[in-house]
Amino acid sequence: MAERSFAREVEDLKLADGEVFRGEGILAITKALLQCGVGYVAGYQGSPISHLMDVLADAEPILSELGVHFESSASEAAAAATLSASVMYPIRGAVTWKSTVGTNVASDALANLASGGVTGGALIIVGEDYGEGSSIMQERSHAFAMKSQMWLLDPRPNLPSIVKAVEDGFALSEATNTPVMLEVRIRCCHVTGSFIAKDNRRPAFSLAEALDNPVRDTSRIVLPPASFQHEKEKVEKRWPAAIEYIRTHRLNETFGDDGRADIGIVMQGGMYNGVIRALTRLGLADVWGNTRVPLHVLNVTYPLVDDELVAFCRGKRAVLMVEEGAPEYLEQALAHILRKADCPTRLEGKGIFPVAGELTATVMLDAMTAFVERHAPDLLGNRPPVPDARPILADPKVKALADVVPPRPAGFCTGCPERPIFAAMKLVEKELGPHHVAADIGCHLFSILPPFNIGATTMGYGLGPASASAFNVPASKRSIAVMGDGGFWHNGLSSGVGNAVFNKQDGVILIVDNHYSAATGGQDILSSRAFNRLRATNNSIVAAVKGIGAHWVRQIDRTYDVARLRDTLREALTTTETGPKIIVASSECMLNKQRRLKPLTSAALKRGERVVRERFGVDEDVCTGDHACIRLSGCPSLSVKHTDDPLKEDPVAAIDNSCVGCGNCGEVSEAAVLCPSFYRADIVQNPTGWDRFLARIRTAAIGFLQRRHAARRIAFPA
Amino acid sequence: MSVAEMVGPDGRGGIRREDRPLAVAILAMGGQGGGVLADWIVALAEGAGWVAQTTSVPGVAQRTGATIYYVEMIRARPDASPVLSLMPAAGDVDVVLAAEWMEGGRAILRGLVTPERTTLIASTHRSFAVVEKERPGDGIGDSTAVAEAAGIATKRTIAFDMAALAEANGSVVSASLFGALAGSGALPFPREAFEGAIRAGGVGVEASLRAFAAGFDRAGKAGKPDLPPKGPDKALPEPPVRVGAPALDALLARIHDEVPPAARAMAYAGVRRLTDWQDPAYADAYLSRLKAFLAEIPAATTLGFGDAIAVEAARQIAVAMAYDDMYRVADLKIRETRFDRVRREVAARADQIVLTTEFMHPRMEEVCSALPARLGAWIESRPGLFRALDRIVNRGRRVRTGTILGFLQLYAVASFKRFRLGALRHGREMAHMEAWLALAGRHLATDPALALEVLKCRRLVKGYSDTHARGLSKYDRVAAMVPRLAGRTDAADWVRRLRQAALLDEAGTALDGAVKTIEAMLSEAAT
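Remember, it's a predicted structure, so these values are computed and weren't measured experimentally.

Once that is clear, we can look at the state of the cysteines. Scanning the model with the defined rule gives zero disulfides over all chains in all. C635(A) provides the cysteine sulfur closest to C665(A), a residue in no disulfide bond, and the two sulfurs are 6.3 Å apart.

If you want it as C-alpha cells, here you go:
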C-alpha cells in the first residue's frame, strides 16, 4: 500500500470521451496510456513519477477489465527489460522511473532493446529529477537517447501537450521500430491542469495472444551478425523514418514567425512556459502565448530535424538555444547543422545562459534580456519596468536574514524508526571512534545531516555495501555499510551481500528495514509485512541473506531498542568472526504506521473502547538545557523552549503534542545515560471500571504522600 | 477553461500586455498541508471562472523539509488559454503565504517578496530547525530579524500565530492561512468562494472552516502585524519584606540589607531556589557567600559594572549551589504540581487516567558521590569494588511514578536529601565553586569586565553524567585561558568569545579552535 489512497485519482482514469480530466501532469500521462491502448505498464517508483505507479497499483479493477498488465518492477532494469514484450509483438508497452538514476540502472536493457528495435510502441516515461526539489546528481537523460538512438520527446509543460506526447510517442515508436523516451520534469509532473479525455482502449493485441502464438526472429536478437545489422538499420532506416514522421506530423511547433523577424528562439518543449514568461516581462509576448519573437519549440529533442531548424534560422540575424543542463548537446547539434547548411545565423546559448543549473525565472529573464539587447535592441523599445528583487535583496536588513533563516533540509519524520539506529551508531562511535560509513539511497541517507552527521559516500541505490568492498584489508577498524530494504531488494542482495559473502568481506552491513519502499511513497516491497492481495509480501530479508551464504546475521525487530542496537553493532565491529556481519534492523515506517493506525484508533475510541495513548514529555525544571538528547534525535516533536526561570539561561527541551510516543527519547536517554528529564505518559482513554478503581487508590495514596512531603518543606509562597 | 486550453497560442494579433496573472507562493514544511492549501486556491479560482495552475517540487521535501508550492491564476478568455509559469520569479509574486515565521524570512531571502507587489501573510509561530535545537547553548534564530526585513520588503504584512489559531479550532495551519488570505482581500474573490473551496475538498471540512473563519476575522482587523511570540519573560519579582514565616523573613531581611538594589530580584530568585533545593539555612549560606563576593567589588567600580557583576554573581552562585543531583530530581518528580503539569502538557482530559514512567540511568559515579564523603571516597579509591558495584547499579531504570511502589522509590530518595550536604559530591561542588569565584575575584579590582565574563562561564557547567563532565571540561579549558589573557585590554572580550564557542557544539571543536587562535595570538605577541 502506498502511503496515501489514490481512490479518487483512480476514478479519473475512467473518464470517457469528451469528459474533462482535471489533475496533475503525471496522472494525465497515466490516463493517456490507457487511452492509447497500452498493453502493459511497468516501472520503479520514485519522485516525480511515483503517482503514476501508485494510481495504477490502486486501479486493478480497471486494468483487468481493459486487459492491461501492471507490474511494480524490482528495479528500473527489470522495468526496461519488460519492454521486451514489444519486440516481436504489436503490443504497446510503457515503463517509467526517476531519471537519470533509473535510466542508469535500466541502460543495459534499454541498449539491447534499442539495438534490436521494437514492433509494438515502446514508451519510456522518464521523470527528469533536475533542479529545485531534486534528490539526485544533476545530469541529463538526453545522453541516453543519443547513445542508444532512442527518440526523446520533451513536450511543452501543459496537460494537453503531454497527453498528445504520449499518443505521438507510441505512434512514432511504431513508425520507426524504435523505443521512445518521454521526458517530463518535476514541475511538469506536478503541474495541475485539464484536458479533454478520450475513451480507454483495450490493447489491439493482447499479451495472452502473444503467449499463445509465440514468434521469434533471430534478426532481432543482439548477437552478431544481427547486432551489426542493427547499427546500420538505426541510421539507414529508423532515423530517416523518424525525421519523416516528426516532420509530417508536425511534432515540433513554431510560434509567431512571420518570416520578417531578425531573431528567434529555439527551445526544448519543457522550457516553453519559462520563455514565454520572460518575453512577457520584456513586453515581447503575453500570457496568452502571443509573441513578437519567433519561437521554435522542440517537442522532440532527439533526433533533430535539420531542415526545419535551418528554415527557422535562415534569414535571422541570431537565434538563441534555450537548453537546460550540461553538456549543451542541442546547441552543439544546431551549430553543426547551421554550419553544414552554410547558414550564417549567429547562434547563442550557453554563455548567455549559465552553463549549469536550472533555468529559473531570473536566469531566463536575464538571458532573454541579454540576447535581445545584443541582437535586436530596437524590439525592446519603450521598456516596461521589469520585476526585479535585486534592490530589496541588497538591503542590509534583508541580507541579515542569511544568518538567521536556518537551512531546513528534509529529515527523519516524527517517531521515525530509523532515528534510534543512528542514535545507536553515534553511541558506538563515542566508544570505538569514528568508522568509515558507506551510506545508500533512501530515507536513512538523512543520517548525513545534523544531528547525526553519519555517512561518507553514496554510490547508488542498493550499492552501499558494494561501495565499501575495497575496504577489505586488515585494519584496526571495520567499515560499516548502510542499506535500506528498498535498496536491498533492488539489487543490494546480490551486489552488496552476495558480493561481500563471495569476497569474504569483513565489514558490517546494516540493513534498515522499515517495511516499505518508504522514501518513494511507502510502496510495498518483497519484505513488506502487510498482506497484499496482488503481490507476494512477507519474504524475509534474513532468510535471503542466509540463503546467499551469510553466517553472522542478527535480526532486531524493534529498532527503538537503542541499547540492543548499540550492543549488536559493537559486537559486529569487534567480533573475531570473519565474513560480512549483517544486522537487519526492522520497524515499521512511522508515517505509514500512523496512517494505518489513526483511523483504527479513532474508530475504537468512538466505540468507547479502552485505548492507551503514549506520549513523551520533558520535566522543564529537571532539564538543564544542554540539548544532548536533541543531538541524538532531531525528532521534529522534540524541540526547545525558553522558561521563566531566571537561573536557566539556555532554552530547555520540550516535546509537543505531535509526539507519537515511539519511545526513542526514553531509550536514548537510558542508553546514552543522558538525564532523567524524560517521562512517558500513558494516557488511558475510555478507562474501564478497574482502571478507575486503581486510579482512585493510587491518587489517594500518592496524594497523601505528596501532602506530607509538601508539609515538611518550608517554601516561599508561589 | 478546457475549451480555452485547446485553442493554444495563436501568434496573431497584438500583445495583451495588461493581462497579468496573479501569483501566489506558499512556503511550508513537509507535513504542513501546503499542497492542500494550493489545491484550495486553485479550486477557488476555477470556481470563479478563472484559469489556475499549481505546481510544486515536493520530492523528499515531504519529509519535514522546507518546500514551496506555486499558484498562478488569470481570468479566463473564451478564445485563448494562458501560458502560466511553473515557478515563482523574484520580484513578481503577489501573495506569499508562509506557514512558519522563518519560512517567511526564506521567502524574503529568495526575492519573492518586494515592496511594489507582495502581500506577505505569515504565521508567526516558530518550528525550530535541527541546527537551532542541537546547540549546547541557545541556537534559536532571531525572529525579529524577519520582522525587520518584512518591514521594508513587503507591500503589506499580515502576521499572527496562525498555528495556535488553527490548533484552538481543531485544525492545521493551512486552514487559518487560507482564512487570512481571504481576510486580506489580496485575491478578488468573496469569502463564500473560499469556503466553497474548502467544502469541495471534502476532508475535515468543519474544523477547517472554523480555523478559516478565525484566520479571516483576525486578518481582516486593521492594525500592525504581530511580532513572533517571545518566550516568557524571566520571573524576577522584587523580594517582599516579609511572608510570615520567621525563617524566610530572616532571609528576606538579609536580601534587603546586604544586596545592592539591582541584584535583589536575582538574589531573591536564588534564595527561593536554594530554600526549595535544601532548606532556609542553605539559602542563608548562599546569601553569606554572595555577600562575601560582593564585598570584594571595589567601591570605585563603575556603577553599571558593579550592578552587572552583582546580578551575575547572585544568579551564578545560586546555580552553582543548586547543582543537579538525584535528590533534586526525585524531589521535583514527586510533587503534586508536577503531576498536574504533566496532565496539562499531554493534554489529558478530565476523564482520562495518566500514568507516568520516568527514565533514569544512575551510574556508580552518581550513587557514590551521593554517599557520605568518607564512604564515597573509600569506595572510589577501590576501582575493583567500584566496578563491581557499578555492574549492579549502572542500568536504565524505569520508575513508574504513577504507581504507589514506583512513587515510593522516588519519595524515599527525595527524603534523603537532608544528608546531601555531607555527601562526597557536595564537597567537590563547593570546592569547584570556590575556585571559580576566586578566579573571578582576582580580576574584580583590575579588570571588572573580565571578572564578569568569568562569572558567566558557570553557564558551561550543566547536564548530568557525561554531559556534565563535558561541561566541566569546557569550563576548565576556558578557565585555563583566563590567567594567560589577564592584563590585556581585550581579555574580557576573548573570554566571552571562548564561552560562546564552547556553547556551539558538543565536543568543543569550536572552543578548541578559539583556544588555538588565542594561543597563536599570544605567542605572536610574545615574540
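The subject of this paragraph is helix α15 (residues 329-340) of chain A. Residue and element names in this part refer to chain A. Between its first and last C-alpha, α15 extends 17 Å over 12 residues, near the 16 Å set by a 1.5 Å rise per residue. Here α15 has its buried residues at Y329, L330, E331, L334, I337 and L338. On its buried face, α15 sits against α8 (142-148), β10 (263-268), β12 (300-302), α14 (306-313), β13 (318-322) and β14 (346-348).

Contact residues are listed per partner, giving 140 residues for chain A and 154 residues for chain B. Of the roughly 12,600 Å² buried where chain A meets chain B, counting both sides, 60% is carbon and sulfur surface. Seen at the junction of chain A and chain B, the total is 18 salt bridges. Across the pair E72(B) and R277(A) runs a salt bridge, and its minimum N-O distance is 2.6 Å. Taken together, the links from chain A to chain B amount to 56 residue pairs in polar contact (both at pLDDT 80 or more).

Before going further, it helps to examine the sheet that holds β13(A). Residue and element names in this part refer to chain A. Read from one edge to the other, the open sheet built from five strands follows the order β9-β11-β10-β13-β14, with strand pairing classed as mixed. Two strands close off the open sheet at either side, each with one partner strand: β9 (253-255) and β14. The sheet shows a mean angle of 20° between the axes of neighbouring strands, taken without regard to direction. Alignment of β10 against strand β11 (residues 295-298), held across four bridges, turns out to be parallel. Following the sheet pairing, Q268 is matched in β11 by L298.

The next point concerns the packing of helix α11 (residues 261-277) of chain B against helix α12 (residues 280-295) of chain B. All names here are of chain B. Viewed as axis vectors pointing N to C, α11 and α12 meet at an angle of 145°, and their least axial separation amounts to 7 Å. Considering how the two elements wind past one another, α11 and α12 form a crossing that is right-handed. Across the interface between the two elements, M266, A267, G270, V271, L274, T275 and W277 from α11 touch P280, Y282, A283, Y286, L287 and L290 from α12. Tallied by class, the residues present in the contact of α11 with α12 amount to 11 nonpolar, two polar and no charged.

Turning to the pairing of strand β19 (residues 552-556) of chain A, a few remarks are in order. All names here are of chain A. With five bridges connecting them, β19 and strand β20 (residues 581-586) associate as parallel partners. Considered in β20, the bridge of R554 is made with I583. In this fold, β19 hands off to helix α23 (residues 562-574), which returns the chain to β20; that crossover is right-handed.

It is worth spelling out the domain arrangement of chain A at this point. When the parts of a complex come together, some accessible area is lost, and that lost area is often used as the size of the interface. Residues and elements named next belong to chain A. Along its sequence, chain A is carved into domain 1 (7-248), domain 2 (253-390), domain 3 (419-592) and domain 4 (610-712). Of note, the centres of domain 1 and domain 3, computed from C-alpha atoms alone, are 34 Å apart. The partner domain 3 presents 10 residues to the 14 residues of domain 1 that form the contact. Buried area between domain 1 and domain 3, summed over both chains or domains, comes out near 830 Å², and the portion from carbon and sulfur atoms is 47%. Interface area lost by domain 1 to domain 3 is led by Y44, Q45 and E60, which between them contribute 48%. On the surface where domain 1 and domain 3 come into contact, there are one salt bridge. Of the charged contacts in the structure, one is a salt bridge between R533 and E60, with a shortest N-O distance of 3.8 Å. For the pair domain 1 and domain 3, the interface holds five residue pairs in polar contact (both at pLDDT 80 or more).

Parameters and conventions
- Every residue gets a number counted from 1 within its own chain, in the order that chain's sequence is written.
- Think of it this way: whatever chain is written first is A, whatever ligand is written first is 1, and the rest follow in order.
- Reporting in this predicted model follows two pLDDT cut-offs: at least 70 for local features of residues, and 80 or more for side-chain atom pairs to be given and counted; totals over whole chains, interfaces and linings ignore these cut-offs and use all residues.
- Think of the side-chain values as coming from all heavy atoms in the structure, minus any hydrogens and water.
- Any two cysteine sulfur atoms lying within 2.5 Å of each other are counted as a disulfide.
- Note on conventions: DSSP H or I runs of at least 4 residues are helices, E runs of at least 2 residues are strands, and numbering of each starts at the N terminus.
- How far a helix is expected to stretch is found by multiplying one less than its residue total by 1.5 Å.
- For every residue, the accessible area (1.4 Å probe, protein chains only) is compared with the maximum for its type, and the residue is labelled buried under 20%, exposed over 50%, or partly exposed between those bounds.
- Contacts are assigned to residue pairs that have any heavy atoms within 4.5 Å of one another.
- By buried area we mean the combined loss of accessible area, with a 1.4 Å probe, across both parts when two parts are placed together.
- By salt bridge we mean one thing: a side-chain nitrogen of Lys or Arg within 4 Å of a carboxyl oxygen of Asp or Glu.
- Pairs of N or O atoms are called polar contacts if they sit within 3.5 Å, as long as, within protein, a hydrogen donor faces a hydrogen acceptor (for residues adjacent in sequence, only side-chain-to-side-chain pairs).
- Here, a strand pair is defined by DSSP locating no fewer than two bridges between the strands.
- Interaxial angle, 0 to 180 degrees, is taken between N-to-C directions of lines fitted to C-alpha atoms, where a helix line uses only the stretch in contact.
- A clockwise turn of the near helix away from the far one marks a right-handed crossing, whereas an anticlockwise turn of less than a right angle marks a left-handed crossing.
- The nonpolar class holds Ala, Val, Leu, Ile, Met, Phe, Trp, Tyr, Cys and Pro. Asp, Glu, Lys and Arg form the charged class, and all remaining residues, Gly among them, are polar.
- Clockwise travel from the first strand over the helix to the second, with the strands pointing away from the viewer, marks a crossover as right-handed.
- Domain borders in the structure are assigned automatically or taken from a domain database.

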